[in-house]
Amino acid sequence: MAYIAINGYELPYPKRGVSVTVSTVVDSGRNANGVVVGQRVGRDQYKIDGLEWPYLPAETWSRILQSLNHFFVYVTFEDPVSNGRKTIKMYPGDRNAQPYWVDKNGHPTHYIHCKFNLIDTGE
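What this report covers is the structure whose coordinates are included nearby. Bear in mind that the values here come from a model prediction, so they are computed numbers and not experimental data. (Residues numbered from 1 in each chain as written. Predicted model: local features only at pLDDT ≥ 70, side-chain atom pairs only at ≥ 80, totals over all residues. Heavy atoms only, no water.)

A short note on the overall build of the protein
Next up, step 1: The secondary structure content of the protein amounts to one helix and ten strands.
Next up, step 2: Counting from the amino terminus, helix and strand elements in the protein follow one another as β-β-β-β-β-β-α-β-β-β-β.
Next up, step 3: Taken over the C-alpha trace, the protein has a radius of gyration of 18 Å; the compact-globule value for 123 residues is 14 Å, which it surpasses by more than 25%.
Next up, step 4: Viewed in the frame of its principal axes, the protein has a C-alpha envelope of about 70 × 30 × 25 Å.
Next up, step 5: Relative to its full complement of 123 residues, the protein shows a buried share of 31%.
Next up, step 6: A total accessible area of about 7700 Å² is found for the protein, and carbon and sulfur atoms account for 49% of it.
Next up, step 7: Charged side chains of the protein number 13 positive and 12 negative; the gap between the two group centres comes to 2 Å. (Helix = DSSP H or I, 4+ residues; strand = E, 2+ residues; numbered from the N terminus. Rg over C-alpha atoms; globule rule 2.2 N^0.38 Å. Buried < 20%, exposed > 50% of the residue type's maximum accessible area, 1.4 Å probe, protein only. Areas by Shrake-Rupley, 256 points an atom, 1.4 Å probe, with all protein chains shown as cover. Lys, Arg positive; Asp, Glu negative; His and termini not counted. Charge placed at Lys NZ, Arg CZ, Asp CG, Glu CD.)

Structural data, given as structure tokens:
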């Protein structure tokens, strides 16, 4: 089983350094006494940072990018809160990589530093 899957497509295991941020959204302000008052809004939200592959064949990087073609995707990952699998609706941040090898026609055959992040939609 892959560490992370996008719309059912299991990604290769990324390099070390992936971080899952869990944020609690709060509607807050201060009362007349200057005391913070607020309440939780919705559920905790997630951001998956540091998804990076040091070296990938062009076909694999293309397949990963194609899995992100639709702005909203369903991501299954290891949730540190429940210590189990979780699937939520997310969207990708910037995606980038550097061509490493090219064929005689100038088409990349391999990429390095392939990376992106995923942000929770809150739905």
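From this point, the discussion proceeds with the structure in view.
Focus on helix 1 (residues 58-67)
Next up, step 1: Those residues of helix 1 lying buried are Ala58, Trp61, Ile64 and Ser67.
Next up, step 2: Next to the buried residues of helix 1 lie strand 1 (4-6), strand 2 (9-10), strand 6 (45-57), strand 7 (73-79), strand 9 (96-102) and strand 10 (108-120). (Contact = heavy atoms within 4.5 Å.)

A word on the pattern of salt bridges
Close approach of charged atoms allows side chains of opposite charge to pair.
Next up, step 1: Counted by the stated rule, this structure contains six salt bridges.
Next up, step 2: The salt bridge partner of lysine 15 is glutamate 52, with a shortest N-O separation of 3.9 Å. A residue pair is termed long-range when its members are at least 10 positions apart, and lysine 15 in the loop between strand 2 and strand 3 (19-23) and glutamate 52 in strand 6 qualify at 37 residues.
Next up, step 3: The exposure class assigned to glutamate 52 is buried, which follows from its relative accessible area of 14%.
Next up, step 4: The salt bridge involving glutamate 123 is made with lysine 89; its shortest N-O contact spans 3.2 Å. One end of the pair, glutamate 123, is in the segment after strand 10; the other, lysine 89, is in strand 8 (residues 84-92), with 34 residues separating them in the sequence.
Next up, step 5: We classify glutamate 123 as exposed; its relative accessible area is 60%.
Next up, step 6: With a relative accessible area of 15%, lysine 89 lands in the buried category. (Salt bridge = Lys/Arg side-chain N within 4 Å of Asp/Glu carboxyl O.)

A few points about the packing of aromatic side chains
Next up, step 1: Summed over all chains, the structure comprises seven aromatic pairs.
Next up, step 2: Aromatic pair tyrosine 3 and tyrosine 13: ring centres 5.5 Å apart, planes at 65°, arrangement edge-to-face. Of the two residues, tyrosine 3 is situated in the segment before strand 1 and tyrosine 13 in the loop between strand 2 and strand 3; the sequence distance between them amounts to ten residues.
Next up, step 3: Since its relative accessible area comes to 18%, tyrosine 3 is described here as buried.
Next up, step 4: Assessed through its relative accessible area of 60%, tyrosine 13 is described here as exposed.
Next up, step 5: An angle of 85° between the planes, with centres 5.8 Å apart, marks the rings of tyrosine 55 and tyrosine 100 as edge-to-face. Of the two residues, tyrosine 55 is situated in strand 6 and tyrosine 100 in strand 9; the sequence distance between them amounts to 45 residues.
Next up, step 6: Overall, tyrosine 55 belongs to the partly exposed group, its relative accessible area being 42%.
Next up, step 7: Judged by its relative accessible area of 46%, tyrosine 100 falls in the partly exposed class.
Next up, step 8: One aromatic cluster in this structure is built from Tyr55, Tyr100 and Trp101.
Next up, step 9: Here the guanidinium or amino end of arginine 63 rests over the ring plane of tyrosine 9, the centre of that ring lying 4.1 Å away. (Phe/Tyr/Trp six-rings, centres within 6.5 Å; stacked < 30°, edge-to-face > 60°. Lys NZ or Arg CZ within 6 Å of the ring centre and 35° of its normal.)

Coordinates in, geometry out; function isn't part of it.
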